[in-house]
Structures are given as C-alpha cells and as structure tokens.
Amino acid sequence: MMIRKTIFLSSLLLSLTMPVPQSAKAADDVILGAMTGEMERSLHDLHVEDHRPPYFISYSIKEIDEAVIESELGSPPSLKRSRKRYFIPIVKVGDYDVDSTEMFPTRAYSPSQITTDDDALAIKRAIWLRTDSAYKTAIRDLEAKKSYLIDNHIDHRMPDMTKEKPVVAIEEIKPLTFDQAKWSQTVQSLSEVFKKYPQLQKSKVSFIARRVNRWIVNSEGSRIRESEEKFAVSIGASAQAEDGTPVSDYDIKAANAESGLADFEKLKEMTERLAENTIKICAARQGEDYCGPVIFEGQAAAEFFSQLMSPNFSFPEDLLGNQDWRNPLKDGIGRRVLTKNVDIIDDPLAADFKGQPLFGGYKYDDDGVPAQKVVIAENGVIKEFLHGRIPTKHSDKSNGHSQRGYGSFNVMQVTSSKTSSPEEMKAKAFELAKDAGLDYILVVRRMGDQFRFDETGTPGHASEPYSTPSYSRQPSDPLLTFKVYTDGREELLRGLEFKYVSLRAFRDMQAIGADPQPFLVEPADCLTRSIVTPSFLIGELELEPIKPDHASLPILPSPLATLVK
C-alpha cells in the first residue's frame, strides 16, 4: 500500500512529497534523520573566523550485511557473518566556480567505519567529527588553490563542480536472506571436487551473500535510500610447475539475485575446468620470446580490453597542479582510437545481454546522479567520456558515472559492425605471421585476475586508488596461451608475460569476432563489473618469458595422492 509522506527539509533545501511504501517511511529512518539533521546544523553553523560555511555538503553511508560460506577439500563449511557501515563526507567551501576540490586525484571518497547501532546520537557524533575534519581540510585546500590560481594563469579554466537537479528516491530497506543449507552443501560439494587433483597445493570455494543498503543526502536536496543484493561463488586453486614456478587461477560467478547464480552442475564444471587448466599449465612448456599477431578469445579479450583501454574513457578533467598526471586521450573527442566499425557504450542500467545477466550496474552513482547510458565511441571515434560532477571542456553536466568522485566504466559493451568468423580471424593472423617470419600464432584464452569482490575500496586494498588512465601499461599475465600452427595443432605454453602495450594496439585490431559475451572484470579500484567483448586479433604484440624466483617443490607427495588411484 502506497501512502503520501511529506519529507521536510530545511529552508536551505527542498520540500518534496513522494509516495513510498509504509515500511519505508523516511521519517522513521534513524540514519536518514541523523544525516539530514547534522547536515542542516553544519550548513548553518559550521564556520571559523573569516571563512564562510560550506556551500556544498554530501553525506553517504553504506551498510554491508554479508555472509561468507567457505570450504576446502569438502570440509564442513564455515559461516562468517558481518555487518558494517561506512561513512563518507564531502564538504566543499567556496562556490561552484572555485571551491576546495583537490587539484589531483586522491582518496577524497575514502570511507570510515561507523557504528551499526541505529542510535541517532552515535551516528550524529561520527558525522560531526568527520564533517569537522573535512571542513578544516577544505579551508586549507581552497586557500592553496586560490594561491595557485594567482600564481598560474589557466586558460579556459572550467568551474569546479556541475549543477545538477536534486533526486529524491526512498526505497525499502530489506534484510539479507539466502538459502544457507543449499549453499553450504554446494560449497562443500564443490570444494570436494579438488580431492581428485593431488597436484594442486591450495584450493578453496566460497559463497558470498551480501545486502548493500545505501543512504545519500546532499545540501542541494538529494535524498536517496536504496537496497540491493549481491551474490557470488568464487573458486581458486594453485600449484607449482616442475621448475618451481607458481601457477594459480581464480574464477567467479556473480549475480544481483540468488537465483541468478549458475546451477550446481555448471559450477561443478567451472571448478573442474579451473583445476584441470591449472594442472595443464604446470605441465606446459615454457614459452619463448614472441613478436607477432595475437588472438584474444573469451575472458582474455575482456581482461585485455578492460585493463588497457577502458580506464582511458574516464578522467577527462583538467586537474590543476599536476600536469604530469593526465589522461592521454582527454583531448580526444572526435579522434579515432580504435579500429573502424567498433562501437562502445557504457550503460549501468543494463540488466542483461542477450539473456545473460550483467553485474555491476546501478541506478544512482556515488554523487547521487541518475545513471545514464553513454555512447563512448562510434566507428572507433571517441564521442564522450565517463565522468561525474567535475566539469570538462566537453560537458558541464554529469553523465551519472561517478565512483568515489571520478568517472568510471561499469557495464561496458564493445561491438563491431564488421565481424569475422574464427576461421577468417586465424587466416588473417597467419597472413600477418608469415609477413613477420613466423610459422605459428599465439591465441590467448585466459588472463590472470585476482577478484576480491570488495565493496568499499578501503585504503591499502588496491595498489592504486583508481583504475587510472595510461598510454601504455603491462597487462596481467596470460594463463591459457596456445601456440597454434598452420595445420591447426595447438600447444599450451606457460610462463609468458606481455611487454608494455600502448593504446595504439587497439587501432591495430585486424579482425573482430561475432561472438560478444559478458564477463566479470575487476580493475585496480576493486569494484567488480561487467564488460561485453567479442574475440579480436591484434596485429602485433610482444611477449617474453617470465623470470620469477622459483620455490622448491615439496619433498613428499600430497596426502591427497593416496586418495587417487
């Protein structure tokens, strides 16, 4: 039953009326009340000496209710429950034109943990302390920026923040529910599969059930409360090759609903495939130096594209004081950066691709701006970047892609109007190989990934705070790399790594398959998302043998060897 409930805001904010379910009354929400109350107090009274109060405040609280079920080698599964809340204040002084926004990327959106008790005073106290600290920092940052602008002439400087319409969307907060008995049995049975593989040294299967409740309020009048579920089954295994080289792989299935996860038989196939591939890689011959065409198929195509090209569709802003750090494509609107006939979109609202579920989307970004579908490239030419509320010379409005203050891809789709069959793609690759003096080509079907399935991106969790743009980058190591001969024979290789790859490689896409599929990827900023990619052929890449520090093999065989006849 829907009722009318008037949401009262201060005279500085909006007064709006909207229908919400009886169980979702905003007036009964202790967290929402604490956030709006402290915000109103700060807007009126927070100031020191000659400095004005904040002109903009945004508060975000994310509550993560999580259950993790784990098992190794069929052991009785363990259940770990946790519930945490994280608070992020954004406090800005100045005005929309010149404010205290940092002059280069930092972890301004770094969360701090607060009480999980629904106690208004405890929540308000946490908000008060973080707001006070953020305000003092904002004053210092604004003064530093003003001094910089006095000493440095900036042509065509953009304002510091866009103006956006406020959003009011109050959803019902729901508890975490899942079939504990079913997933305990599933995890135990899947982990037992690894008993058949005594060559493996480590293995583990985990089921993750997560309810994420989020509150966002800002001084412009936005009031958002939303609740979503996330589920995943993760499987990992590792071993050593005969020369001591470590080999590990990891796979994950994630969905926005418990029913969206694969059934047991498919998860079992995934587990067996990962175990067998890990063992096969250990037994494979060490690869040699290579410079020639490379075909990327399946998961490898998604990883290669997401690691190298995708970050460059974000961060188009002109950031003061750090000219060494810049997106190499930020002035690239209208520039061709991929081969012709390639289109790219990012749509956080997309729920599926040809019936296959997509993961990582949202309705509102971290700035509380509604998600939008963005056409990034058409026929290989950049049309728009993904960004939040930092204006660029191309746009004075957010397109709903802010994550921790900066633009990011979420559900990206790469398609081509001109495609090739697998046979045509290999024929083209062999043609290029012949020109390079080679009698074989390389096909990469899987690249390394280390999913954390993290929700907050807390400091120290990633090697870098954002998946930042770069003209060249060394992608993760190829795991399933095949040496393919002209007669069709395939030989699995191991121990190869890419040399640094430049963005020009994507203008050298010699052929693109007609087989787009969705895959999960997790860039350096630790947010799991989807990317839809077809297979493709890059005309020339360089790979070389890895020279790691080898550890000696175990002296005795695994105790599992006695179980396998």
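That block above? That's the structure.
In this report, the structure presented in the accompanying data block is examined. In this text, all values refer to a predicted model and were calculated from it rather than measured experimentally.

The next subject is the sheet that holds strand β19 (residues 411-416). Ordered in space as β16-β15-β12-β19-β28-β27, the six strands form an open sheet in which the pairing is mixed. Each edge of the sheet is formed by a strand with only one pairing partner; in this case those strands are β16 (381-382) and β27 (517-521). Alignment of strand β15 (residues 374-378) against β16, held across two bridges, turns out to be antiparallel. Along β16, the bridge assignment pairs Glu-378 with Val-381.

Now for the pairing of strand β20 (residues 440-447). Among the eight residues in β20, seven count as buried, and that is most of the element. In this sheet, strand β22 (residues 478-485) lies alongside β20 in antiparallel orientation, the contact comprising seven bridges. By the bridge assignment, Met-447 is partnered in β22 with Pro-478.

To continue, consider the packing of aromatic side chains. In this structure the tally under the stated criterion is 18 aromatic pairs. Measuring from centroid to centroid gives 5.8 Å for Phe-178 and Phe-207, while their planes differ by 45°, and the two rings are tilted. Placement of Phe-178 in the loop between β6 (168-170) and α3 (180-192) and of Phe-207 in strand β7 (residues 202-218) is noted, with a sequence separation of 29 residues between them. The buried category is assigned to Phe-178, whose relative accessible area is 17%. Judged by relative accessible area, Phe-207 falls into the buried class, the value being 0%. Ring plane angle 5° and centroid distance 4.6 Å describe the contact between Trp-183 and Phe-207, whose orientation is recorded as stacked. Here Trp-183, found in helix α3, pairs with Phe-207, found in strand β7; they are 24 residues apart in sequence, far enough to count as distant. The exposure class of Trp-183 is buried, given its relative accessible area of 2%. A network of ring pairs unites the aromatic residues Phe-296, Phe-304, Phe-305, Phe-498, Phe-506 and Phe-536 as a single cluster. One cation-aromatic arrangement involves Arg-445 over Phe-482; the distance from NZ or CZ to the ring centre is 4.6 Å.

Let us now look at the side chain of Ser-222. Structurally, the position occupied by Ser-222 is in the loop between β7 and β8 (223-240). From its side chain, Ser-222 meets the backbone nitrogen of Val-167 in a polar contact 3.0 Å long. In contact with Ser-222, not counting residues within four places along its chain, are Lys-165, Pro-166, Val-167, Ile-216 and Val-217.

So, about the pairing of strand β23 (residues 490-494). Pairing of strand β10 (residues 285-286) with β23, which is carried by two bridges, proceeds in the parallel orientation. In the strand pairing of β23, Gln-286 is matched with Arg-494. The sheet contact formed by β22 and β23 spans four bridges and is antiparallel. In the sheet register, Thr-481 faces β23, and the bridge partner there is Leu-493.

This brings us to helix α5 (residues 299-308). The buried count for α5 comes to ten of ten residues, which makes it a mostly enclosed element. Those residues of α5 not exposed but buried are Gln-299, Ala-300, Ala-301, Ala-302, Glu-303, Phe-304, Phe-305, Ser-306, Gln-307 and Leu-308.

Inspection of the secondary structure assignment puts Met-161 in the loop between α2 (120-151) and β6. The class of Met-161 is buried, set by a relative accessible area of 4%.

Applying the stated criterion to the full structure yields 39 salt bridges. Asp-366 is the salt-bridge partner of Arg-214, the closest N and O atoms lying 3.1 Å from each other. One end of the pair, Arg-214, is in strand β7; the other, Asp-366, is in the loop between β14 (356-357) and β15, with 152 residues separating them in the sequence. Residue classification places Asp-366 among the partly exposed residues on the basis of a relative accessible area of 26%. Between Asp-331 and Lys-330 there is a salt bridge, with its nearest N and O atoms 3.4 Å apart. What emerges from the salt-bridge pattern is a single network uniting Lys-62, Glu-66, Arg-210, Glu-228, Lys-230 and Glu-455.

Cut-off values and rules
- Once a new chain begins, its residue numbering starts again from 1 and follows that chain's sequence as written.
- With the structure being a predicted model, the display of local features is reserved for residues of pLDDT at least 70 and the display and counting of side-chain atom pairs for 80 or more, all residues being used for whole-chain, interface and lining totals.
- In computing side-chain properties, one takes all heavy atoms of the structure into account and sets aside hydrogens as well as water.
- Following DSSP output, two strands are said to pair if at least two bridges run between them.
- Helix and strand assignments follow DSSP, with helices taken as H or I runs no shorter than four residues and strands as E runs no shorter than two, numbered in order from the N terminus.
- Note on exposure labels: buried denotes an accessible area under 20% of the residue type's maximum, exposed denotes more than 50%, and partly exposed covers the range between, all computed with a 1.4 Å probe on protein chains only.
- A pair of aromatic rings is counted whenever rings of Phe, Tyr or Trp (Trp by its six-membered ring) have centres within 6.5 Å, and the orientation is called stacked for planes under 30 degrees apart, edge-to-face for over 60 and tilted otherwise.
- Two conditions define a charge sitting above a ring: the NZ of Lys or the CZ of Arg must be within 6 Å of the ring centre, and it must be within 35 degrees of the ring normal.
- Counted as a polar contact is a pair of N or O atoms within 3.5 Å, where, for protein atoms, one must be capable of donating a hydrogen and the other of accepting one, and residues adjacent in sequence contribute only when both atoms are in side chains.
- We call two residues in contact when some of their heavy atoms are within 4.5 Å.
- Within this document, salt bridges are pairs made up of a side-chain nitrogen of Lys or Arg and a carboxyl oxygen of Asp or Glu, the two lying within 4 Å of each other.

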